[in-house]
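# Architecture at a glance
If you want the building blocks of each chain, they are given just below.
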Amino acid sequence: MLKLGVLVSGSGTNLQSIIDSIEAGYLKAEVAVVISSKKGVYALERAKRHNIPAYAVERKNFDSQEKYEDKIIELLKEHSVELVVLAGFIKVLSPHFVRAFPSKIMNIHPSLIPSFCGKGFYGMKVHEAVIDYGAKITGVTVHFVDEGTDTGPIILQKAVPVEDDDTPETLAARVLKEEHKIYPEAVKLYSEGRLEIRGRRVIIKR
Ligand code: GAR
């Protein structure tokens, strides 16, 4: 059974969609550990309710980014994690972290990459930027994490329309609905050994 380590920072609805997919038998995997970059977030509560070991590891308690990441790496290895799933994790991870799990880290981003992504684009800020720009279509992207910010090979994408009367909140809710379908699907494809990275492209094998 594929062991997942899910990294969170907030409410953890994507974590929940993965847990639900496992419990429904759709996804043959196990959430071995949940690590949050913040104490007291609801994602940690969700983990506890499902008896999943959960930790808050805060950057402010470490002298350097490397030591901070080493602590997260240590916890992931302790729990024998095979795939790291970033689910609303707001800290940018350095190449040091990425090298500890080469091609074994996935991220979900609430836009159609390469639009509205990169440094500073996270959570509600993404949806605000989409509306401010006047884009008619946005969406969701699941991708492998490489050493850049939101630059890794794309696994799955889904388009979502922007409505004239959307606020960032209504748009976020429409996008989130798709996130909750696409993330379990991407993890399932990985667990079945069906994702092959060829340069920048991810081929989905039949
Ligand atoms: C999700 O919309 C996710 O796509 C986004 O944060 C939200 C977390 O929600 N991630 C990013 O913006 C990454 N750059 P959740 O805690 O309910 O899963």
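It should be noted that the structure appears before, not after, this text.
A brief look at the structure comes next. Model, not experiment: these values are computed from the prediction. Throughout this description, residue numbers start from 1 for each chain and increase along the sequence as written. Local features in a predicted model are, by the rule used here, given only for residues with pLDDT of at least 70; side-chain atom pairs are given and counted only at 80 or more, and totals for whole chains, interfaces and linings are based on all residues. Hydrogens and waters are ignored; side-chain quantities use all the structure's heavy atoms.

This paragraph deals with the overall build of the protein. Secondary structure counts use DSSP, requiring at least four H or I residues in a row for a helix and at least two E residues in a row for a strand, with both numbered from the N terminus. Along the backbone of the protein there are 6 helices and 9 strands. The reference for a compact globule is 2.2 Å times residues^0.38; the radius of gyration itself is calculated from the C-alpha atoms. For 206 residues, the compact-globule estimate of 2.2 N^0.38 gives 17 Å, and the protein sits close to it at 16 Å. The principal-axis extent of the C-alpha atoms belonging to the protein is close to 50 × 45 × 35 Å. Under the scheme applied here, a residue whose accessible area is under 20% of the maximum for its type counts as buried, over 50% as exposed, and between as partly exposed, the area being computed with a 1.4 Å probe on protein chains only. In the protein, buried positions account for 47% of the 206 residues. Pairs of residues are marked as contacts when any of their non-hydrogen atoms sit within 4.5 Å. Contacts spanning at least 24 positions in sequence make up 65% of the contacts within the protein whose residues lie at least 6 apart. Here the protein has roughly 10,200 Å² of accessible surface; of this, 51% comes from carbon and sulfur atoms. Of the charged side chains in the protein, 29 are positive and 27 negative, and the gap between their average positions amounts to 3 Å. Using a 1.4 Å probe, the Shrake-Rupley method yields the accessible areas, and only the shown protein chains count as cover for residues. Two residue types count as positive, namely Lys and Arg, and two as negative, namely Asp and Glu; His and chain ends fall outside the count. Where a charge lies is defined by one atom per residue type, namely NZ (Lys), CZ (Arg), CG (Asp) and CD (Glu).

Turning our eyes to something else, we now look at the site of the ligand. Near is defined per residue: the residue qualifies when any heavy atom it owns lies within 4 Å of the molecule or strand. The local shell around the ligand holds 13 residues, among which Ser11, Gly12, Thr13, Gly123 and Glu179 are the closest. Nitrogen and oxygen atoms within 3.5 Å of one another constitute a polar contact, given that in protein one can donate a hydrogen and the other can accept it, and given that sequence-neighbouring residues count only through two side-chain atoms. One of the side-chain N or O atoms of His109 is found 3.2 Å from a nitrogen atom in the ligand. Contact between the ligand and Glu179: an oxygen atom at 2.7 Å from a side-chain N or O atom of the residue. Out of a free accessible area of 450 Å², the ligand has 88% covered by protein chains. Mapped by element, the contributors of at least two residues to the shell around the ligand are helix 1 (13-23), strand 5 (105-109) and helix 6 (168-191). Three residue categories are used. Nonpolar comprises Ala, Val, Leu, Ile, Met, Phe, Trp, Tyr, Cys and Pro, charged comprises Asp, Glu, Lys and Arg, and polar comprises the others, including Gly. Class assignment for the residues of the shell around the ligand results in 5 nonpolar, 7 polar and 1 charged.

Now for the packing of aromatic side chains. Centres within 6.5 Å are what make two rings of Phe, Tyr or Trp a pair, Trp counting through its six-membered ring; a difference in plane orientation under 30 degrees is then read as stacked, over 60 as edge-to-face, and the rest as tilted. Inspection of every chain in the model, using the stated rule, returns 5 aromatic pairs. On the numbers, 5.9 Å between centres and 75 degrees between planes, the contact of Phe116 with Tyr133 is edge-to-face. Here the residue Phe116 occupies a position in the loop between strand 5 and helix 5 (124-133), and Tyr133 occupies one in helix 5, the gap between them amounting to 17 residues. Phe116 sits in the buried class, given a relative accessible area of 17%. Put simply, the rings of Phe116, Phe121 and Tyr133 touch in pairs and so form one group of aromatic residues. Ring-over charges, as used throughout, are those where CZ of Arg or NZ of Lys falls within 6 Å of the ring centre and within 35 degrees of the ring normal. Above the face of the Phe101 ring, Lys77 is positioned so that its terminal group lies 4.5 Å from the ring centre. Directly above the ring of Tyr26 sits Lys188, whose terminal nitrogen or CZ lies 4.6 Å from the centroid.

As a further point, take the side chain of His127. Tracing the backbone through its elements, the reader meets His127 in helix 5. Using a relative accessible area of 4% as the deciding quantity, one classes His127 as buried. Residues in contact with His127, not counting those within four places in the same chain, are Pro110, Pro168, Leu171, Ala172 and Val175.

A few words on the pattern of salt bridges. Only one rule defines a salt bridge in this text: a Lys or Arg side-chain nitrogen within 4 Å of an Asp or Glu carboxyl oxygen. All chains considered together, the criterion is met by 11 salt bridges. Lys71 is paired through a salt bridge with Glu74; the nearest N and O atoms lie 3.5 Å apart. In this pair, Lys71 and Glu74 both sit in helix 3 (residues 65-78), 3 residues apart, roughly one turn of the helix. The exposure class assigned to Glu74 is partly exposed, which follows from its relative accessible area of 41%. Residues participating in the shared-partner salt-bridge network are Lys158, Glu178 and Lys181.

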